[in-house]
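Coordinate inspection notes
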Amino acid sequence: MLNIKKLIKKCKSYLVKRAVVVQSRVVADTSIEVDVSLKHFISYAGISAVLTNGMETIELPYRRVKKKLTISIPINHLSDDVNNYVVLSNTKQKFWLKLDEHIKEKVFYHAVGNKLFRLSINKKVLVKNLLPDFRFSNELKIIKKLYTSYNNLTAVLENAGLNLGSHVKMFALKHGDMKPLEIEVNKKTSTFEVLDFNHLSQGDWRLIIAIDDIAYFLQSKTNEESSLLTTNHQGTLQHINKSFYLSLDNYYLGTEAVDLDIKESSIQLEVAADIQPDKYQYTFLVQDTKLDKESVHPIERTNNGFKVEILYENILEGSTIKRFFLLRKDKEGKLFKYQFFIETVKIFKRRSFKVIYNSQEYVFRIYRRKDKSMGSIIVHRPKLRRLIKSVKDFNFSGSIGNLHVFKDCTFYLAVEDRNTFDMIEFPLKEENFDIPISAKDLIKVKGKEKSILDFFITVKDVEGNTIRKDKIKYELADYRKDNFYESIKEKDTEGNMHYFLVTTTPFANLKIETFTIPNDVDMLSNTAEKDPAIWLIGERYNTAQDNGIALFRWLRKNTSVDAYYVIEEDAEDYRMLEDKEHVLHFGSKEHFEIASRAKVLLGTHDLENLLPYKPAQGFFNYEDTIKVFLQHGVLGRKPVEYDRKNYELPFDLFIVSSDPEKYDVVMNKMGYNEEEVAVTGLARFDNLPKENNSRDILLMPTWRDWIHTDEQFLKSQYYNYYNNLINNERLQEILEEYNVNLNFYPHYRAQDFFAQDINGESSRTKFIRLGSKTVQQLLIDHALLITDFSSVSFDFTLMNKPVIYYHFDVNRFFKRGILRPVEETFLGKIARNEADLVDMIEESIENHFKNFDIDVDSIIKYQDHHNCQRIYQAVLSKLNKENERI
């Protein structure tokens, strides 16, 4: 019987009009046509077809003959670096598209306009350029000789046209999934050797070779089939429809029965299967495919198979899906990975299990996958329901639930300082709770004069170990950066006044923001009397190397404005400042005095970073200031959190670098009005030189906001990719050959980890410690920048120096959308894998770091070193308009 959700989903699907895609083809090397059957339609009124990439939408031409609609997709409208979708609709609803059931191929490939496109159907038409870094040729490259051995394929090309300077890459293509292959090339003999197939899955892979900037399908001179054995698959090299394919099949072990026994700290799996007792060595593999983590376990042979014992931690920790394999090693050391073939689920004597691990009740089960292999184990982790329902007079009322899955545990409402991790906990005796929290309690836990305290539900076992620590949401959350729900204040024994304000994060998680007014600070009796000549400027609490410090220095040198810069006294950047006149220590008496009098507030981030108190209405007449957002980069890539809707008192002036950034991004997408946005250019651009006398390379990646813990970081693709890059042997050889250094400046959250991975004096890769130089000086001192998505690339481009972007996780990074098309803002070359990146680095060195042929005008309107002057004039204009209103 269908559950309610499935029933609703099924009903909705019947209400949506469905159209069937029956064919697609290339027309005149300029467009792709898609035929759509409308046989279930009664009316054709108001039908429209649009092409969208998530940023732009274009109407597509079509023609209709009776019940067949033919949509034309011009290839010059298809974006290279993102997915393109064709959506069909009428005035009332969107249509669902599906592929004709009589079409065997689920994916269409079209070589058109020197590009290779994949076209697939799932409710809409998806069109994607599979090789955006290459021109694609319809010419075939012929293999004249072919050799295979274990985990190795060697082929000799006919008329390959290789020379010593040629760059050769190889790819495997299946159902639109493009995988790079690790190869070694002998350019003199036109021979390439494929060294690793283990990242390919089962199926038919079409082989592609790229020579320099042109890609080709491969074809063999002979129609004879060849076999290939790899660790993961048994393969066949064969011709299918005049193309050369590598067909891979899994190794399967026939399995007659599976029994699982639960022990105190492990599970015992007993498998009835035919394994040869003496000829091979066997071990059992548990694989976490999501985290790319494995554990290998010895087996004990039985009369009809084997049994294996696996600790709970290898099953229950990590991601929720694990896979089981049997590894077979022969006497020559060759390793083969077998999947368990399950003919029917009846061979499982028991499939669902409950165990107690880490004082929590886990549920997991074994299942048969669609390919009939013994499935993964799916782990159902215990859920802790929690919610704060109301806050009144600092009484926090809420509930926790599903407590029965925690064994012999105690529960607490915890408040933790975000900087020091000091915590105060309040015991929860019942599922519904009402916890009063006093200002005196909070004073004990706060670690800095201005800080954030986060709320958690913590769970402890009988020994007092914390086994869970989960954030808790507020049911009545109405998020704004500058609002609060409740506030209290309290004087401590030394006369300092502490303020505590209940707020929430963008995800409705509860927190308290706190600041302190020291006892020696005498706040003005009338803070509404702001002085238009006093401007307070800042960046982050602890930095002085961006647009804030650049504008501050310019104002001090060129105007009569009484400008002040604020930074923490113990910050590394503060110690680096040569001239400290008018530089305020954050939270000092002078800082409070200037902050309460300043009419103009200018920040590269939220003004939280330059005010000693909460920037909110009612606090020291914050609402009477002019609030200027100087930015810390050029917008156009990842969405940011400075939308107008996120503030009760939004920025009065938003600084941008171009008209497209103003109109397309800040106004159209972030909600600001035209008079609130000024095209001036960024202040720090004024300090960028045009000469390039350097030779070294700067590697400077940005952060990934989905990484929250050290454990996640060390297991992340982000860490692995950059760690592999800085230790790449071929890259080190290139750097040594050309006497070039690769200087690695990781994001501040990753500094300590990567510092341990740099091989000291023996390596051409050098580690740059945070704060040792300003970011701008680093950019000036280098000839080539390698980054991923950081907007510092614009500074580099403005100096007429080349940038290479490393986009191995571009789809995940822009999962929530991108503000402007990739080709508009990523000015340079884009590498999607390590081999390509190393090739591009070598090419740039060989070309003496000459910049690529790019046009920066649509990103940076002014390139004249007068941005500070324009920002100054824009602020003065705001002041004058406010005086006119008064």
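Predicted model only: the values in this text are computed from it and were never measured. (Residues numbered from 1 in each chain as written. Predicted model: local features only at pLDDT ≥ 70, side-chain atom pairs only at ≥ 80, totals over all residues. Heavy atoms only, no water.)

1. Looking at the side chain of Asn152
- Assignment of secondary structure puts Asn152 in strand β13 (residues 152-158).
- Assessed through its relative accessible area of 12%, Asn152 is described here as buried.
- At a separation of 2.4 Å, a polar atom in the side chain of Asn152 contacts the side chain of Glu193.
- Excluding residues that lie within four positions of it along the chain, Asn152 makes contacts with Tyr147, Glu193, Val194, Leu195, Phe197 and Leu228. (Helix = DSSP H or I, 4+ residues; strand = E, 2+ residues; numbered from the N terminus. Buried < 20%, exposed > 50% of the residue type's maximum accessible area, 1.4 Å probe, protein only. Polar contact = N/O pair within 3.5 Å; in protein donor to acceptor, adjacent residues only side chain to side chain. Contact = heavy atoms within 4.5 Å.)

2. Quick word on the packing of helix α10 (residues 729-738) against helix α16 (residues 834-846)
- Contact pair α10 / α16: the axes reach a minimum separation of 10 Å and the direction vectors enclose 5°. It follows from the interaxial angle that α10 and α16 lie roughly parallel. Counted together, Arg730, Leu731, Ile734 and Tyr738 of α10 and Ala835, Val838, Asp839, Ile841, Glu842, Ile845 and Glu846 of α16 form the full contact between these two elements.
- Within the contact of α10 with α16, the residues separate by chemical class into 7 nonpolar, no polar and 4 charged. (Axes fitted to C-alpha atoms, helices over the stretch in contact; angles between N-to-C directions. Parallel < 35°, antiparallel > 145°, perpendicular 65-115°, else oblique. Nonpolar A, V, L, I, M, F, W, Y, C, P; charged D, E, K, R; others polar.)

3. Description of the pattern of salt bridges
- For the coordinates displayed, the defined rule picks out 39 salt bridges.
- One salt bridge in this structure joins Glu736 and Arg764, with 3.3 Å as the shortest N-O distance. Pair noted here: Glu736 is in helix α10 and Arg764 is in the loop between α11 (751-755) and β51 (765-767), with a separation of 28 residues, a long-range link.
- When its relative accessible area of 48% is taken as the criterion, Glu736 is described as partly exposed.
- Assessed through its relative accessible area of 15%, Arg764 is described here as buried.
- A salt bridge links Asp864 to Arg870; the nearest nitrogen and oxygen atoms lie 2.8 Å apart. (Salt bridge = Lys/Arg side-chain N within 4 Å of Asp/Glu carboxyl O.)

4. What to know about the sheet that holds strand β36 (residues 432-436)
- Pairing within the open sheet is antiparallel, and its 3 strands lie in the order β32-β33-β36. Looking at which strands have only one partner, the edges of the open sheet turn out to be β32 (385-392) and β36. Strand after strand, the sheet turns through a mean of 20° between neighbouring axes, direction not considered.
- Sheet analysis places strand β33 (residues 395-401) next to β36, joined by 5 bridges and oriented antiparallel. From the neighbouring strand, Asn395 faces β36, where its bridge partner is Pro436. (Pairing = 2+ DSSP bridges.)

5. A few points about the pairing of strand β35 (residues 423-428)
- Burial along β35 is one-sided: the face carrying Ile424, Phe426 and Leu428 is buried and the face carrying Met423, Glu425 and Pro427 is not.
- If you look at the hairpin formed by strand β34 (residues 410-417) and β35, you'll find 5 residues sitting between the two strands, and Phe421 has a positive phi there, around 65°.

6. Focus: the packing of aromatic side chains
- Tallying each qualifying case throughout the model produces 47 aromatic pairs.
- Aromatic side chains Phe713 and Tyr719 sit 5.1 Å apart centroid to centroid with 50° between the ring planes, which places their arrangement in the tilted category. Exposure class is identical for Phe713 and Tyr719. Each is buried.
- Cluster of aromatic residues (ring-pair linked, three or more members): Trp703, Phe713, Tyr718, Tyr719, Tyr721, Tyr722, Tyr806 and Phe808.
- The positively charged end of Lys337 is found above the aromatic ring belonging to Phe325, 4.5 Å away from the centroid. (Phe/Tyr/Trp six-rings, centres within 6.5 Å; stacked < 30°, edge-to-face > 60°. Lys NZ or Arg CZ within 6 Å of the ring centre and 35° of its normal.)

7. Here's the deal with the environment of Asn151
- Here Asn151 shows up in the loop between β12 (135-149) and β13.
- The residues contacting Asn151, other than those within four sequence positions of it, are Val194, Leu195, Phe197, Asn198, Leu229, Thr230 and Thr231.
- Only 3.0 Å separates the side chain of Asn151 from the backbone nitrogen of Thr231, close enough to count as a polar contact.

8. Concerning the sheet that holds strand β7 (residues 84-89)
- Taken together, 6 strands build an open sheet; the order of strands is β4-β3-β7-β11-β10-β9 and the sheet is antiparallel. Edge positions in the sheet fall to β4 (57-59) and β9 (107-112), since each has one partner strand and no second. Taking the axes of each pair of neighbouring strands and ignoring which way they run, one obtains an average angle of 25° across the sheet.
- Of the pairings in the sheet, the one linking strand β3 (residues 48-52) to β4 comprises 3 bridges and is antiparallel in character. Paired with Val50 across the two strands is Glu59, which belongs to β4.

9. A few points about the side chain of Thr231
- Among the structural elements, Thr231 can be located in the loop between β20 (226-229) and β21 (233-240).
- At 3.0 Å, the side chain of Thr231 and the side chain of Tyr150 are in polar contact.
- Excluding its chain neighbours within four sequence positions, the residues that come into contact with Thr231 are Tyr150, Asn151, Asn198, Tyr251, Leu335, Phe336 and Lys337.

10. Section: the environment of Met840
- Structurally, Met840 is set in helix α16.
- Residue Met840 is classed as buried on the basis of its relative accessible area, which comes to 13%.
- Taking the C-alpha atoms as reference, Met840 lies 7.6 Å from Ile804; in sequence the two are 36 residues apart.
- For Met840, the contacting residues outside a window of four places in its chain are Ile804, Lys829, Ile830 and Ala831.

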